[in-house]
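Analysis of the macromolecular model
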Amino acid sequence: MTKIHPGMIIKLLVCFGLPIGVLFMPIDLIPIDDLTLIQHRLLAIFLLAALLWVLEPVPVFATSILIIALELVMISDKGLHLFRNPPAGHDLGELMVYTDIFSAFSSPIIILFMGGFALAIAASKYELDNNLARVLLKPFGTQPKFIMLGLMLITAVFSMFMSNTATTVMMLALLGPIVASAPKGDVGVKALVLCIPIAANTGGIATPIGTPPNAIALQYLTGENAIDFLSWMMMGLPFVIIQLTIAWFLLQKLFPSQQEKMVLKLDGQFQKNWRAIVVYITFAVTILLWMTTKLHGMNTYVVSIIPLAVFTLTGIMGKPELKQINWDVLWLVAGGIAIGIGLDKTGLAEALAHAIDYESLSPAAVIVTLSIVCWLMANFMSNTATANLLMPIAAAIGVSMQSLDSVGGLQGLLVVVAFSASLGMILPVSTPPNSLAYSTGLVESKDMAKTGVIIGVIGLMIVYLAAWLFT
């Protein structure tokens with residue numbers, strides 16, 4: 001008979017007790033104006049999800065499935081009658097269309113993940129990961145810290161010009177043979193796994209095309225406030241270099257390797273049978289298509305289904321390989337998407353963003369407040385969705401507040417908000433690279449939370465310091 005640890009009981013009581021308290025708390029006591037019953041319930045679901053993902057008393061994918069179930073039952077138009085009939089005198093708000101909630105699992109990002117998993121499975125089957133790791137990491141020697149540096153630099157450079165998720169898929173494919181070289185129980189493996197999503201999330205900041213929040217910010221920076229590609233890189237690249245350096249030292253400190261040298265078991269040669277050649281060509285073409293989306297018109301998500309189609313048609317991936325797809329990670333991501341859809345459709349995200357009276361704040365306080373709100377939200381929903389929500393608010397404030405000129409004006413405000421969105425990486429659901437790293441099974445959510453909080457806070461401090469020094 002399995003024993004239940006007392007600490008697990010305490011975690012469950014905290015996780016479920018606090019959201020239930022919010023659910024039954026009178027709306028008037030919550031410091032947000034005009035909150036509807038639907039928004040009130042979603043706030044409780046949001047809090048429950050955050051606690052369960054951080055404390056992890058149940059598997060994270062189970063939390064995601066619970067979120068989707070609670071949204072369908074409590075806030076959808078096909079939910080329980082009890083929740084669709086509000087008490088007298090209360091504003092129910094607009095119920096979510098139930099198909100919108102179910103669409104979380106048919107999101108394009110899910111297809112991107114499946115394409116990524118297909119590449120990783122095929123690469124491992126035909127030893128492409130082993131051979132690529134041998135070629136790319138050979139210049140970085142045998143010390144674990146320099147192997148990690150190599151992984152971070154390669155990941156960051158790729159993520160400046162292509163999808164952060166696609167970059168992470170490619171780099172995690174190299175990780176298998178590296179991890180196989182580490183002794184069992186070596187915590188240094190966690191550093192090697194975590195360095196990839198950190199570098200992918202951070203590297204995209206360096207260029208306008210590296211991550212969606214940057215492109216969204218540029219939509220509002222026109223005319224005299226416009227920033228060209230090189231000017232953005234002059235701001236973003238130094239920040240990325242500093243952040244990656246800090247992350248490199250931090251990961252060594254938090255997860256020290258037990259060995260001074262890591263002898264990578266990367267012997268062998270590229271296979272030359274026809275299926276292996278199909279894998280090599282498909283891998284290369286997929287990456288090339290990811291990097292040139294503007295030339296051919298297909299976006300990252302459309303490209304991602306190509307390797308899945310090729311590998312299944314050629315027999316490279318059969319039923320056994322399809323079973324290797326990390327379905328638990330797909331459910332985990334779907335839960336994060338469902339939270340994001342709920343926050344957007346119910347208007348709760350906008351209500352939370354407007355809960356602060358920005359006009360009463362000083363220019364510096366406006367920048368700090370908006371960036372912290374952006375960072376916090378980006379940890380629990382897509383950084384793209386967060387930027388889409390907050391950037392119009394930031395742009396309106398930047399245009400109306402003349403006093404912001406003393407801290408960089410509209411340019412300074414939007415750049416800080418864009419950077420802040422990309423620093424949200426506390427949870428496995430915070431970004432697709434985080435989810436992919438978690439899918440390896442080599443790191444826990446608490447490891448991700450610990451590093452994500454430290455790197456996020458340090459990053460925000462650097463952004464504020466740079467905004468103050470260069471304005």
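Here, every reference points to the structure presented above.
Residues numbered from 1 in each chain as written. Predicted model: local features only at pLDDT ≥ 70, side-chain atom pairs only at ≥ 80, totals over all residues. Heavy atoms only, no water.

**Digging into helix α10 (residues 188-203)**
Spelled out, the test is: Here a strand is any run of E in DSSP of at least two residues, a helix any run of H or I of at least four, and the numbering for each starts at the N terminus. In this scheme, a helix's expected span is set at 1.5 Å multiplied by one less than its residue total. A residue's bend is simply the angle between two axes: one fitted to the seven residues ending at it, one to the seven starting at it. Exposure is judged per residue with a 1.4 Å probe applied to protein chains only, and the accessible area is read against the type maximum: over 50% gives exposed, under 20% gives buried, and values in between give partly exposed.
Its 16 residues give α10 an end-to-end C-alpha distance of 22 Å, which sits within 8% of 22 Å, the value for a rise of 1.5 Å per residue. Along α10, the sharpest kink reaches roughly 25°, centred on leucine 194 and followed within four residues by the proline proline 197. The element α10 is largely enclosed, with a buried count of 16 among its 16 residues.

**What to know about the pattern of salt bridges**
Put simply, the rule is: Salt bridges are defined by distance alone: a side-chain nitrogen of Lys or Arg within 4 Å of a carboxyl oxygen of Asp or Glu.
What the rule picks out here adds up to five salt bridges. The salt bridge involving lysine 190 is made with aspartate 447; its shortest N-O contact spans 3.1 Å. On the criterion of sequence distance, the pair formed by lysine 190 in helix α10 and aspartate 447 in helix α23 (residues 445-469) is long-range, its members being 257 residues apart. Relative accessible area serves as the criterion here: at 4%, aspartate 447 is assigned to the buried category. Lysine 446 is the salt-bridge partner of glutamate 444, the closest N and O atoms lying 3.9 Å from each other. Among the residues examined, lysine 446 registers a relative accessible area of 52% and is labelled exposed. Each of Lys190, Glu444, Lys446 and Asp447 takes part in one network of salt bridges that share partners.

**What about helix α11 (residues 212-219)?**
What counts is decided by this rule: Think of it as the arc spanned by the lines of direction from the helix axis to the C-beta atoms.
Residues of α11 that are buried: Pro213, Asn214, Ile216 and Ala217. What you see down the axis of α11 is that its buried residues fit within an arc of 165°, all on one side.

**Concerning empty space enclosed by the protein**
Stated formally: Two kinds of site are reported from a 1 Å grid over the protein atoms alone, namely cavities, where a 1.4 Å probe fits but cannot get out, and pockets, open sets with protein on both sides within 12 Å along at least five of seven lines, and residues are called lining when an atom falls within 4 Å of a point. Grid points are joined across faces, edges and corners, and a volume is the space filled by probe spheres set on the points. Any residue that is not Ala, Val, Leu, Ile, Met, Phe, Trp, Tyr, Cys, Pro, Asp, Glu, Lys or Arg is counted as polar, Gly included; the first ten are nonpolar and the last four charged.
Applying the stated criterion across every chain yields a total of one cavity of 30 Å³ or more. Each pocket or cavity is described by its volume, and for the largest cavity that value is around 40 Å³. Every residue lining the largest cavity is listed: Leu194, Pro197, Ile198, Met425, Asn434, Met448, Thr451 and Gly452. For the lining of the largest cavity, the residue count by class is five nonpolar, three polar and no charged.

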